[in-house]
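# Breakdown of the fold
Take a look at the letters that make up each chain.
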Amino acid sequence: MKRGKWRQWLAVLCCILAAPAAAQEWPQRAVRFIVPYPPGGGTDIIARILQERLSRALGQPIILENRGGAGGVVGTEAVAKSAPDGYTFLFTLSSHTINPLLQKLSYDVERDFLPVSLVASLPQIIAANNDVPIHNMAELIAMARENPKALAFASVGNGTPSHIAGELLKLRAHIELLHIPYRGGGPAVTDTIAGQVPLIFVSIPVALPYVKAGRLRALAVTTAKRSPSAPDVPTVAEAANLPGYEVDSWYGVFAPAKTPQPIVRRLREEIAKVVNTPEIRDKLLEQGADAVGSTPEELGRVVTAELAKWAPLIREANIRPE
């Protein structure tokens with residue numbers, strides 16, 4: 001064998017032998033999860049449920065860093081530009097597959113990220129301020145038709161799942177609603193409770209505590225099935241007689257491209273173990289979320305499918321970033 005070929009084979013062999021060692025030795029210091037939304041929102045809540053148990057499983061602290069702005073783009077861009085050394089990850093929600101359809105980004109969601117794992121899935125919830133005379137979806141639609149564009153809804157930002165859920169309702173029910181984007185679920189809920197905006201479309205973990213406390217009035221959830229955490233709240237499909245209406249949100253972890261596969265696999269394995277412990281499953285369920293813990297390949301297929309799914313809706317609704 002020629003000397004050059006021998007060196008190539010030796011390099012490959014070294015990589016193969018080093019792969020298990022890389023996974024075993026990682027992590028050697030704190031691991032950073034960038035959450036591209038402000039504290040108090042649904043993504044932040046779900047990330048914090050995992051934080052302690054995942055830190056223990058890895059033997060190093062998980063540091064959550066909230067970088068809100070531009071519907072998740074600011075924090076996501078920071079991860080795309082991070083070193084692929086296994087110490088920076090993205091903990092995000094399904095707007096990850098919506099933002100690329102709204103605007104030209106400095107990153108590519110398929111090229112610049114490696115899927116790690118789906119963590120949980122859950123619906124958006126539609127809720128109303130208690131002072132608004134809307135108690136169900138039929139009344140919402142009737143009021144919107146009577147006063148076009150006079151009825152406003154808050155979302156957690158342009159192009160987020162909560163915004164998409166509102167736009168899908170407008171198209172399917174043939175109504176007009178004024179969209180008011182916020183920089184996260186926390187501020188949106190605060191203003192809805194205070195009466196600054198009559199309606200809110202938001203992930204169920206953010207609104208459910210206020211619904212249970214009687215500070216918001218739940219109208220419907222956006223998934224095809226009712227949420228186990230709020231079984232008395234109907235789906236949009238049944239409450240508004242809109243068959244096929246569905247917006248199913250998810251939370252997932254991504255790594256910068258070129259992160260070593262042994263590290264990606266190790267993190268995926270630990271996430272799956274953590275989210276499927278009874279303690280964490282129950283905590284997720286309390287927030288209206290179902291634990292998942294998928295493989296990287298499964299999360300990759302979700303990303304590809306949703307990029308295709310939301311493109312025609314965004315064109316039809318003429319959604320634009322502000």
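Quick look at the structure, then. Source: prediction; values computed, not measured.

Another point: the overall build of the chain. Counting secondary structure elements, the chain contains twelve helices and ten strands. With the C-alpha coordinates of the chain rotated into their principal frame, the extents come out at 80 × 40 × 30 Å. A buried classification covers 54% of the 322 residues belonging to the chain. Carbon and sulfur atoms provide 53% of the accessible area of the chain, an area that totals close to 14,300 Å². In the chain, the 34 positive side-chain charges and the 30 negative ones have mean positions that sit 9 Å from each other.

Bringing helix 8 (residues 204-212) into the picture now. What helix 8 keeps buried is the set I204, P205, V206, A207, L208 and V211. Taken from the residues just after helix 8, G214 is the one with a positive phi, measuring 80°.

The axes of two packed helices give the description: the angle between them and the distance between them. One way to put it is that helix 6 (residues 161-173) packs onto helix 12 (residues 296-317) with a least axis distance of 11 Å and a crossing angle of 65°. Between helix 6 and helix 12 lies a crossing whose hand is left-handed. Touching I164, E167, L168 and L171 of helix 6 are W310, L313, I314, E316 and A317, all from helix 12. When the residues that make up the contact of helix 6 with helix 12 are grouped by side-chain class, the tally is seven nonpolar, no polar and two charged.

This paragraph deals with the environment of G195. Among the secondary structure elements, G195 is positioned in the loop between helix 7 (185-193) and strand 7 (199-203). Relative accessible area serves as the criterion here: at 43%, G195 is assigned to the partly exposed category. Placed 17 residues apart in sequence, G195 and L178 show a C-alpha to C-alpha distance of 15 Å.

With that settled, the discussion passes to the packing of aromatic side chains. This model, assessed by the stated rule, comprises seven aromatic pairs. Ring-pair connections join several aromatic residues into one group, and the members of that group are W26, F33, F89 and F91. A cation over an aromatic ring shows up here: R29 above the ring of Y87, its NZ or CZ 3.7 Å from the ring centre.

Bringing the environment of I141 into the picture now. Looking at the element boundaries, I141 is found in helix 5 (residues 137-146). With 103 residues separating them in the primary sequence, I141 and G244 have C-alpha atoms 17 Å apart. If sequence neighbours within four positions are ignored, I141 has contacts with A173, I175 and A240.

That bond from W26 to P27 is cis: its omega, 0°, falls within 30 degrees of zero. Relative to the assigned elements, P27 resides in the loop between helix 1 (3-25) and strand 1 (31-35). Within the chain, H174 stands out as a residue other than glycine whose phi angle is a positive 55°. Looking at where H174 falls in the secondary structure, it is placed in the loop between helix 6 and strand 6 (178-181). One non-glycine residue, N241, lies in positive phi territory at about 55°. Residue placement: N241 occurs in the loop between helix 9 (236-239) and strand 9 (248-256). Taking relative accessible area as the criterion, N241 reaches 63% and is therefore assigned exposed.

Conventions and cut-offs
- Residues numbered from 1 in each chain as written.
- Predicted model: local features only at pLDDT ≥ 70, side-chain atom pairs only at ≥ 80, totals over all residues.
- Heavy atoms only, no water.
- Helix = DSSP H or I, 4+ residues; strand = E, 2+ residues; numbered from the N terminus.
- Buried < 20%, exposed > 50% of the residue type's maximum accessible area, 1.4 Å probe, protein only.
- Areas by Shrake-Rupley, 256 points an atom, 1.4 Å probe, with all protein chains shown as cover.
- Lys, Arg positive; Asp, Glu negative; His and termini not counted.
- Charge placed at Lys NZ, Arg CZ, Asp CG, Glu CD.
- Axes fitted to C-alpha atoms, helices over the stretch in contact; angles between N-to-C directions.
- Left-handed = near helix turned anticlockwise from the far one by under 90°.
- Contact = heavy atoms within 4.5 Å.
- Nonpolar A, V, L, I, M, F, W, Y, C, P; charged D, E, K, R; others polar.
- Phe/Tyr/Trp six-rings, centres within 6.5 Å; stacked < 30°, edge-to-face > 60°.
- Lys NZ or Arg CZ within 6 Å of the ring centre and 35° of its normal.

Structural measurements only, silent on function.
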